[in-house]
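Remarks on the overall topology
So you can see what is in the structure, the chains are spelled out below.
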Amino acid sequence: MLSQSSIEYLVTNGRKGYNWAFYTGCLHWKTGVCGGGGKGFYCWAKRNADRFHKGDFTPTLHLEKLIAPNFPERPSRIAVCFTGDLFGDWVKPYQRVISGGPILKDAIFDKIRYSPQHTFLFLTKAPKNLLLWSPFPKNCWVGFSACNQKQFDEGVEYLKQVKAAVKFISFEPLLEHKLRNADISWVILGAATAPYRPPELSWINEIEQAADKSGIPVWEKNNLAKLLNRPLRQETP
């Protein structure tokens, strides 16, 4: 029920991480939340849906994948619903997954609590809705994606109120930014792809200097290698 992932920061001990994609699809590309003028231009998940699923990106709960995820035995990093947004306005955490059954939030968190050897990563472009799910189990890393200053400023205020062991920000793609004081434990930096659009080097330097002063680990995605022309920083909390 889980698929291996090519996302580099999910790798542990040389082994790839996994995608737990029980809720796929998203509407952010229609509402302008994503970059690219609301057309999903920068959306990796939307591009994959266009390629492999004939453009069907309708938010859909796959109950069988939620109920029987078949997690690996060895400790792994598992991305939760990275092919959609579990925290979009259309997802109702307190809705029962089946009549008389558990609510969606409990169904997910119970699976996670019963698998303490794994680390589960949650990422959203709707950080305001993280508050509906907080507190998260101890083996969860929770973050939001920002590509401009407005998304960062608003997201940080919500993330400060979330209870999670690790809180992080993913600048993917990094289109503009200035890092300010935030209650976070991890920073991910990346460029826009398809077509490739690297950020300004000065933005990366400014963010990393601020992160270093605060003791925050930094992960530079592989798509920054050409721009930086040096060994990548790929640190985790």
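Residues numbered from 1 in each chain as written. Predicted model: local features only at pLDDT ≥ 70, side-chain atom pairs only at ≥ 80, totals over all residues. Heavy atoms only, no water.

Focus on the packing of aromatic side chains
Keep this limit in mind: For this analysis, a ring pair means two rings from Phe, Tyr or Trp (six-membered ring only for Trp) whose centres lie within 6.5 Å, classed as stacked if their planes differ by under 30 degrees, edge-to-face if by over 60, and tilted for the remaining angles.
Scanning the entire structure with this criterion turns up 14 aromatic pairs. In this structure an aromatic cluster arises from ring pairing among Tyr9, Trp141, Phe168, Trp186 and Trp219.

Regarding unusual backbone geometry
Definition in use: A run of H or I in DSSP counts as a helix once it spans at least four residues, and a run of E counts as a strand once it spans at least two, with each numbered from the N terminus. Using a 1.4 Å probe on the protein chains alone, a residue whose accessible area is under 20% of its type maximum counts as buried, one over 50% counts as exposed, and one in between counts as partly exposed.
A cis amide bond links Ser134 with the next residue in sequence, Pro135, at an omega value of 5 degrees. Checked against the element boundaries, Pro135 lands in the loop between strand S6 (119–124) and strand S7 (140–145). Even without glycine at this site, Asn13 takes up a positive phi of about 50 degrees. Counting through the fold element by element, Asn13 comes out in the loop between strand S1 (3–4) and strand S2 (18–20). A residue is classified by how much of its surface remains accessible, and Asn13, at 72% relative accessible area, is exposed. For Asn229, which is not a glycine, the phi torsion comes out positive at approximately 55 degrees. Here Asn229 shows up in the segment after helix H7 (225–228).

Overview of the pattern of salt bridges
The cut-off we apply is this: Any carboxyl oxygen of Asp or Glu that lies within 4 Å of a side-chain nitrogen of Lys or Arg is treated as forming a salt bridge with it.
Per the counting criterion, the structure on display carries nine salt bridges. Of the charged contacts, one joins Glu154 and Lys150 as a salt bridge, the two residues approaching to 2.9 Å between their closest N and O atoms. In this pair, Glu154 and Lys150 are both assigned in helix H5 (residues 149–159), four residues apart and thus about one turn of the helix distant. A relative accessible area of 56% means that Lys150 is categorised as exposed. Residues joined in a network through salt bridges with shared partners are Glu208, Asp212, Glu220, Arg230, Arg233 and Glu235.

Details of the confidence of the model for the protein
Put simply, the rule reads: Every residue is assigned a pLDDT by the predictor, reflecting its confidence on a scale from 0 to 100. A contact between two residues is defined here by any heavy atoms of the two lying within 4.5 Å.
When pLDDT is averaged across the protein, the result is 86; 84% of the residues are at 70 or more. pLDDT under 50 marks residues 36–41. Its contacts with residues more than four places away, or in other chains, come to 12 contacts.

A closer look at the side chain of Glu208
Note on placement: Glu208 falls in helix H6 (residues 201–214). In this structure Glu208 touches Leu189, Val218, Glu220, Arg230 and Arg233, once residues within four positions along its chain are discounted.

Looking at the sheet that holds strand S10 (residues 218–220)
Note on sheets: strands pair through backbone hydrogen bonds, and any given pair is parallel or antiparallel. So the rule is basically this: A strand pair is defined by DSSP finding two or more bridges across the two strands. An axis is simply a line fitted to the C-alpha atoms; with a helix, the fit covers only the stretch in contact. Between two such axes, the angle follows the N-to-C directions and lies from 0 to 180 degrees.
Here we have eight strands laid out as an open sheet, ordered S1-S2-S5-S6-S7-S8-S9-S10, and mixed in their pairing. The open sheet is flanked by S1 and S10, the only strands paired with a single partner. Here five bridges tie S7 to strand S8 (residues 166–171), and the two strands are oriented parallel to one another. Counted as the bridge partner of Phe144 is Ile169 from S8. The strands that H5 touches are S7 and S8; relative to S7, the one it contacts most, it runs at about 150 degrees.

Regarding H6
This is how it is decided: Expected helix span is taken as 1.5 Å per residue step, with the number of steps being one fewer than the number of residues. For this quantity, the arc is that covered by the directions from the helix axis to the C-beta atoms.
Its 14 residues give H6 an end-to-end C-alpha distance of 20 Å, which sits within 8% of 20 Å, the value for a rise of 1.5 Å per residue. Here H6 has its buried residues at Ile204, Ile207, Glu208 and Ala211. Seen along its axis, H6 keeps its buried residues to an arc of 95 degrees; they face one direction. Turned more than 90 degrees from where H6 packs its buried face, Gln209 and Lys213 sit exposed.

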